[in-house]
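Overview (structure and organization)
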Amino acid sequence: MESPEQIRREEGARIAATKEAQVYQRPSKLHVAKILLKLLPVVLNFRRDRREWVKREGKNVNEEKYRRHARKALKTFIELGPSYIKLGQWLSTRVDILPQPYLEVLSKLQDDVPPALFSKIKPIIEDELGKIENAFEEFDPAPLSGASLGQVYLAKHAGGRKVIVKVSRPDIERVIEDDIYVLKKIMPLATRFIDPNLRFSAEGMLAQFIETVHEEMDYRIEARNLLTIKSNLADDPSVIIPDVFLERTTKHVLTMEYIPGIKVTDAPSLDAKGIDREKLVVRVHRLFFKMLLRHNIFHADPHPGNISVADDGRLILYDFGMVGRLDSETRIRLIRLYLGLLDKDPERTVNVLIELGTLEPTVNRYVVERGIALSIQSMHGREVDRMEVKALVDLANKTMSRFPFRLPKNLALYMRMASILEGIYYHHKVSFQFAKVLANLLEEEGLVRDAYIEEVKVSAKRFAKGIQDSVNVAPLLKMYLETQGPYGNSMQEKNNSALAASILSSALFIGSALMLPYNSYLSYGGFAAAAAAVAVALKKKF
């Protein structure tokens, strides 16, 4: 099977060719205007709500009013169709853009659309796999479920093995492309009604949304995601991932093993099977954070419909269309961010946020660190070592919204994943400490040691850079001291002897001062060394 990169390149070329051939079929200006009029009240409500939310840092606000506005937005997205349903789901991951009440409402947006008639689905299957009776031993034309991009059927593969067949909705590519065309047209106008510091994020979010939707429409990419995650978790006995049948998988048709189970939120059925729900919640969190922090790809859509439980308690994962990808450097930084928060260290937290690209390096560090420190101590009345995922969401949503805070795509998917997982915990109402589970996972996987080693390396590099910057000032300092004139022949030799110590002392002091915002311990050591150098200089001089 082709790699996802190859598939995306081919699809990009196809879309470009289609655009050139079908320019005349694009939506009319009247259609664009109608969509804009539907979305305008949503944008205006959001603008007012976000300004108030940021100004008050989410405190003493009418959250019910926010939820009412969010429900109106949700209704509008559903009325406008599949692309806007997906957009609403995507927005529900953006803690840097939406106030928390909006996130809570939009996170419940169900990708549940009445299925298309089988008479329209059958040609899609047969165009790609040939006659249905030749591709499958049996095929039930009644869909198990319908979603905005596709719908699911139950069938039997060779040898009588039950399979799930996911098929794209009729004309879904044309519908999505037309919707994306409209969104691109109205985006410049819509961004005039939001805060200037959000325009960049909104435009970037649309570009990321378009990329994600195109990936979800190509089932070959989903099959590749499934195979990669299945390989990564091959040695984990707590999870079951279905097999995928590549010979029955194409761009518009995905065939994979049918593995039924108990829905992860079906408490009565889980209890009837004797499954410990407290341990279940721990296993769910442990599995998804293992994917996030250990591997280069993670399942980013763990809503209850995508997780089932086998009779023996093992987890069954479905739907690999929405995934996040983190490189090793970003994963280590994310671990360091967690450790900084759990260690109650705002300085380290800000360092990592800057390294992750979520804060500008020129941000007022003192103000940000103070805001983070106060938020960590006050959020939900919890101590940091008992803090759960929702606290991190609130941190980004309330404290960081006052600053030039930008959430990269994959970190937004991580926040979505974490928030949905915590929803599973709240549903079961069991005793659970996220920090304890995470700490155990990091220890078992050897990630804490790696993160602290990286922390030392980064601090050492900053310190060395500070020293180098201060040494560059040394020639100017030497020139200044020499221009102060001779102090008499009897003192000249002592002055020259003390000059080197003075320069070294100045370099250490300046370097330590530059380093102070990043690592106070190394800075204090530098100040001590500078003091020692001053003592040497004074001794030489007198």
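For every chain, the first residue of the written sequence is number 1, and numbering continues from 1 onward in sequence order. Thresholds applied to this predicted model are a pLDDT of at least 70 for local features of residues and 80 or more for the giving and counting of side-chain atom pairs; totals over whole chains, interfaces and linings are not thresholded and use all residues. In computing side-chain values, all of the structure's heavy atoms are included and hydrogens and water are not.

**Quick notes on the overall build of the protein chain**
- By the criteria applied, helices consist of DSSP H or I runs no shorter than four residues and strands consist of E runs no shorter than two, each listed in order from the N terminus. On a plain count of helices and strands, the protein chain comes out with 21 helices and 11 strands.
- By the convention used here, residues are in contact when the closest approach between their heavy atoms is within 4.5 Å. Counted over contacts in the protein chain with a minimum sequence separation of 6, partners at least 24 positions apart contribute 70%.
- Total accessible area on the protein chain stands at roughly 25,800 Å², and carbon and sulfur atoms take up 56% of it. Under the convention used here, a 1.4 Å probe and the Shrake-Rupley method define accessible areas, while residue burial counts only the protein chains that appear.

**Comments concerning the pairing of strand β3 (residues 150-156)**
- When you tally the buried positions in β3, you get 5 out of 7 residues, the bulk of the element.
- What makes two strands pair is DSSP finding at least two bridges between them. Pairing between strand β1 (residues 138-139) and β3: 2 bridges, direction antiparallel. Counterpart to Phe 139 in the pairing with β3 is Ala 155.
- Both strand β2 (residues 145-146) and β3 contribute to a ladder of 2 bridges, which runs antiparallel. The residue of β3 that forms the bridge with Ser 145 is Val 152.
- Hairpin geometry of β2 and β3 is characterised by an intervening segment of 3 residues between the two adjacent antiparallel strands.
- In terms of strand pairing, β3 meets strand β4 (residues 162-168) through 7 bridges, oriented antiparallel. Paired with Gln 151 across the bridge in β4 is Val 167.
- Where β3 hands over to β4, the hairpin turn is made up of 5 residues, of which Gly 159 adopts a positive phi near 85 degrees. For every residue, the accessible area (1.4 Å probe, protein chains only) is compared with the maximum for its type, and the residue is labelled buried under 20%, exposed over 50%, or partly exposed between those bounds.

**Remarks on the nonpolar core**
- Take the buried residues of types Ala, Val, Leu, Ile, Met, Phe, Trp, Tyr and Cys, join any two whose side-chain atoms come within 4.5 Å, and each joined set is a nonpolar core. Ranked by size, the top nonpolar core spans 113 residues in total, and within it Val 284, Phe 288, Phe 289, Leu 292, Leu 293, Phe 298 and Tyr 414 carry the most contacts.
- What Val 284 contacts, discounting residues up to four positions off in sequence, is Val 264, Ile 307, Leu 315, Leu 421 and Ile 424.
- By size, the runner-up hydrophobic cluster in this structure holds 16 residues, among which are Ile 124, Ile 132, Val 165 and Val 167.

What is shown is where atoms sit, not what they do.
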